[in-house]
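# Reading the structure
In case you want the letters, here they are:
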Amino acid sequence: MPRALALLLLLGLSAPGGRGCLQCDQSVQEALRKLRLALIPGRFHLEQLQARAQALLLGMEGTFFRDYALNAFVGKVETDQLDLVASFIRNQTQRLMVNSLRDEPLLEELATLREKVVKELKKVLRSYELKACDPKVCRQLKEEVLDCSHCQKTSPKCIPKKYCFVDKQPRVALRYHTDGEYQRNQALMGILISVFLAVFVFVVIVVSACTYRQNRKLLLQ
């Protein structure tokens, strides 16, 4: 039953509503689907390895790349550059379909495939963000870009510097506290811990002193 529930959740991730960047390209969707059907279950004999491979491939068909684009970058990319990444993943999936790997070596290759695609996707996401974060370059951008969160083409827009890249973007900030609240809470926590340790040490010293005096009296009697 747990395995069945996990597969249902993973299937939910691959639904059309979860599309993003690479999944906006139907040829990429089809390449990943064909790869999954060709490898599972035929090339995996162990049920555990089969489940892990299924999860990995369904994740790539689902929201994995979209979440990466939105959590690590602004989630927009130049369409011509994304076409190169789509071509790369189609070639890689074709290569995996015709090789003879099975079980654990094949699972490692699938993990490597995902890592390679992330690296290629990172290049084009970062390329656009570098341009959009530079006011001089940004004003010269004319070509439409792809919005990874909605799978729609849109006009390029300049990005305020405070929102550029991971450490400054609101989407990766703490959701339940503002920066000021978080810092105050951290400071308060530090003070409370310091006071508690000081009281604890004082109590230990007092108890030790009392014990020493009682023992000394007993020795003198």
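These numbers come from a predicted model, not from an experiment.

## Some thoughts on the state of the cysteines
A complete count under the given rule lists two disulfides for this structure. Each sulfur of the disulfide joining Cys24 and Cys151 lies 2.0 Å from the other. Taking the torsion about the S-S bond as the criterion, the Cys24 to Cys151 disulfide, at about -105 degrees, is left-handed. With Cys24 in the loop between α1 (2-13) and α2 (26-39) and Cys151 in the loop between β2 (145-147) and β3 (152-154), the pair connects residues that are 127 residues apart, well separated along the chain. Cys151 sits in the partly exposed class, given a relative accessible area of 27%. The disulfide partner of Cys138 is Cys158, and the gap between their sulfur atoms is 2.1 Å. Because the sign of the S-S torsion sets the handedness, a value of about -115 degrees for the bond joining Cys138 and Cys158 places this disulfide among the left-handed ones. Of the two residues, Cys138 is situated in helix α7 (residues 135-138) and Cys158 in the loop between β3 and α8 (179-220); the sequence distance between them amounts to 20 residues.

## Some details on the confidence of the model for the chain
Residues of the chain with pLDDT of at least 70 account for 77%, and the chain-wide mean is 79. The lowest-confidence element of the chain is α1, averaging 39 in pLDDT; the highest-confidence one is α2, averaging 94. In the predicted structure, residues 1-19 sits below a pLDDT of 50 and forms 22 contacts with residues beyond four places in sequence or in another chain. Here residues 167-180 is a poorly scored stretch, pLDDT under 50, and it has 21 contacts once near neighbours within four places are set aside; other chains count.

## Some words on the sheet that holds strand β1 (residues 76-78)
Overall, antiparallel pairing links the three strands, which are arranged β1-β2-β3 in an open sheet. In the strand order of this sheet, the two ends are held by β1 and β3, each with one partner. The mean inter-strand angle of the sheet, taken between neighbouring strand axes irrespective of direction, is 40 degrees. By the bridge criterion, three bridges tie β1 to β2 in an arrangement that is antiparallel. What sits directly across from Lys76, in β2, is Asp147. Against the sheet, helix α5 (residues 79-98) engages β1, β2 and β3, with an angle of about 90 degrees to β1.

Calculation notes
Residues numbered from 1 in each chain as written. Predicted model: local features only at pLDDT ≥ 70, side-chain atom pairs only at ≥ 80, totals over all residues. Heavy atoms only, no water. Disulfide = S-S within 2.5 Å. Helix = DSSP H or I, 4+ residues; strand = E, 2+ residues; numbered from the N terminus. Buried < 20%, exposed > 50% of the residue type's maximum accessible area, 1.4 Å probe, protein only. pLDDT = per-residue confidence, 0-100. Contact = heavy atoms within 4.5 Å. Pairing = 2+ DSSP bridges. Axes fitted to C-alpha atoms, helices over the stretch in contact; angles between N-to-C directions.

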